[in-house]
Amino acid sequence: MDYKTLYNDWLTNPYFDDETKAELEAIKADEKEIEDRFYKELEFGTAGLRGVIGAGTNRMNIYTVRKATQGLANYIIKMHGQDRGVAISYDSRHMSPEFADEAALCLNANGIKAYVFESLRPTPELSFAVRELKCIAGINVTASHNPAEYNGYKVYWEDGAQITPPHDVGIMDAVSALHDYDKLKTMTKEEAVAEGLYISIGKEIDDKYIETLKTQVINPDIIKAEQKDIKIVYTPLHGTGNIPVRRLLKELGFENVYVVKEQEKPDGAFPTVEYPNPESKEAFELAVKLGNEVGADLLLATDPDADRLGVYIKGSQPGTYHILTGNMSGCLIAEYEISQLKEKGQLPKDGAFIKSIVSTNLANDIAKYYDINLIEVLTGFKYIGEKMLEFETKHTGTYVFGFEESYGCLIGTHARDKDAVVATMALCEAAAYYKSKGMSLWDKMKEMYERYGYWRDGVQAITLKGREGMEKIQSTLEKLREDVPETIENYKVISVRDYKHDTVKNMETGETTTTGLPKSNVIYYDLSDEAWVCIRPSGTEPKLKFYYGIKGKDFDDANAKVKSLGDYMVDMIHSML
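Remember, predicted model here, so these are calculated numbers, not experimental data. (Residues numbered from 1 in each chain as written. Predicted model: local features only at pLDDT ≥ 70, side-chain atom pairs only at ≥ 80, totals over all residues. Heavy atoms only, no water.)

Asks: Can you walk me through the nonpolar core in this structure?
Replies: The tendency in soluble globular proteins is for nonpolar side chains to be buried side by side. Residues Leu298, Phe353 and Tyr525 are the most contacted members of the largest nonpolar core, which totals 99 residues. Ranked by the residues each element gives to this core, the list is headed by helix H16 (residues 420–436), at 13 residues. Among all residues touching Leu298, those that are not within four sequence positions of it are Lys231, Ile232, Val233, Val311, Tyr312, Ile313, Leu427, Cys428, Ala431 and Leu441. By size, the runner-up hydrophobic cluster in this structure holds 52 residues, among which are Leu42, Ile76, Leu105 and Val175. (Core = buried A, V, L, I, M, F, W, Y, C linked by side-chain atoms within 4.5 Å. Buried < 20%, exposed > 50% of the residue type's maximum accessible area, 1.4 Å probe, protein only. Helix = DSSP H or I, 4+ residues; strand = E, 2+ residues; numbered from the N terminus. Contact = heavy atoms within 4.5 Å.)

Okay, structure coming up:
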């Protein structure tokens, strides 16, 4: 069925509500908008759904959410898991409560219990709840750090991690097998509650979650001794982190926590920022202002679903802050956690430090220094969660720490997704510990560079929207596969890892081996002088992303080299579009 036929069906079919039809009627003269809304189904990918809110098959709305949930329900029933129930949470975005209820009521109509949080909660608490309640699956309604017009729908499996093979493929197939929206099941909330299928959850899970996080503290006595001299500015960026982060820090004894009032309350419009992303300088403008007023040692920002943490740390000069990338903050936390476990004789002999392939190689050096295994996985924290499950079921290792360059890490095994709440706790604890040694966090960061080398990494993206944009992203990646450059800027290409074709080719010898990882549309160039470049499509936005890293002689050398390589990659990619 072509997009125009689908558009007319949504306009005339009595199954779709009047509000949906009115929205579609308003665009009847905009052919390009009609095409964009209906030229395809909003793709249910390996992370679930994510898209712009609105009417149409290629949008986030109650009907696309219902369809995704019906497919999930069909798969759960096929796997004989319907008696275990599904946990559901949501963030502060527009339509998040409505989408959460829509998912719950579709499950309920299929005879599956839904444990729905009474109000917004962080992503990591949903992961924790799936495990705590022994559910077969979980649903989190969030679009993470995307702009305000987006929402999304993530699916978790019984281990608390986002779905991985074979369940991701099984659920995707079950969703794609559905074609008629008017055959999707639902029921009223009143009926679902009366039948004991819709169950509200909240405080009990909150309390268990917070108590579990507190068990990850390594040096509680140092927190008590030093916290009074540490000032922390925190912003939840209008999202879910405000209550759990402040509660956790307060219960651990941190007294000087200042919250950015303008960004404290949940608000799906994100009125103080265009893009609620802790990677963005704009997101920190109000925190920097407050930090200068109170003389803060740390500025911390969690994204709307509180799974990612942005960090600024106080510089040596008054009123200055150093911006930490996700690679820097991840490695700073890793260094603290691993070194303290080692010092206390608690570092497992089979301990593993896990990172994504696009994260800094500084992590490799940390793992080598502390003599623990460094494991690389594909981009997406679910692959770190998958490794954790493998360790538990096959007894092949012990999880110590995992992180991604995109500002996400996990301390502990209570959840199987990024957890900015526990990361906030760990970073504040580290600040107290290093203060007891007469050091700031920046002093420690400098010490790490001196020990491991001046690693610098970057990531950039080119936005390519719509059908044409998607085609350009795919064609560019194919060009990079077919015509491997001999050099990238001043670096020689040593080997090429093609994760789509599961090959690693040595460019000098021509020898080919396998990547050892699942297939994915990713190309990675190992370059001379320990540099590297990786290109992949974004899994959540219409973007072509490229990552790169170098090792410099000092700060100035590293900064100059990473900027030069980044500029070269921008020009190279644009020349291919």
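Asks: So what exactly am I meant to see when it comes to helix H9 (residues 203–214) here?
Replies: In an α-helix, one turn spans 3.6 residues, which is why side chains three or four residues apart end up on the same side. Given a rise of 1.5 Å per residue, 12 residues ought to cover 16 Å, and the 17 Å separating the end C-alpha atoms of H9 matches this to within 8%. Turning to H9, its buried residues number three or more, namely Ile205, Asp206, Tyr209, Ile210 and Leu213. Within H9, the buried residues cover an arc of 130° as seen down the axis, which keeps them to one side. Exposed and oriented more than 90 degrees from the buried face of H9 are Lys203 and Glu204. Contact partners of the buried residues in H9: strand S3 (114–117), helix H6 (123–132), strand S6 (198–201), helix H11 (242–252) and H16. (Expected span 1.5 Å × (residues − 1). Arc of directions from axis to C-beta.)

Asks: What is the right way to read the sheet that holds strand S7 (residues 232–235) from this model?
Replies: In a beta sheet, neighbouring strands pair by backbone hydrogen bonds and run either parallel or antiparallel. Sheet architecture is open: 5 strands sit in the order S8-S7-S9-S10-S11, paired in mixed fashion. In this open sheet, the two edge strands, each paired with only one partner strand, are strand S8 (257–259) and strand S11 (321–324). In this sheet, neighbouring strand axes are inclined to one another by 20° on average, regardless of whether the strands run parallel or antiparallel. Note: strand S10 (residues 309–314) against S11, 4 bridges, orientation antiparallel. Paired with Lys314 across the strands is Tyr321, a residue of S11. Helix-sheet contacts for helix H12 (residues 285–294) involve S7, S8, strand S9 (298–302), S10 and S11, and the interaxial angle to S7 is about 160°. Across the face of the sheet, helix H17 (residues 441–452) comes into contact with S9, S10 and S11 while running at roughly 100° to S10. (Pairing = 2+ DSSP bridges. Axes fitted to C-alpha atoms, helices over the stretch in contact; angles between N-to-C directions.)

Asks: Help me understand the packing of helix H14 (residues 362–369) against H17 in this model?
Replies: Between two packed helices, the angle of one axis relative to the other and the distance separating the axes together describe the packing. Between H14 and H17, the shortest axis-to-axis distance is 10 Å and the interhelical angle comes to 80°. Judged by the angle between their axes, H14 and H17 are roughly perpendicular. Seen from H14, the contacting residues are Leu362, Asp365, Ile366 and Tyr369; seen from H17, they are Met448, Arg451 and Tyr452. Its residues assigned to classes, the contact of H14 with H17 comprises 5 nonpolar, no polar and 2 charged. (Parallel < 35°, antiparallel > 145°, perpendicular 65-115°, else oblique. Nonpolar A, V, L, I, M, F, W, Y, C, P; charged D, E, K, R; others polar.)

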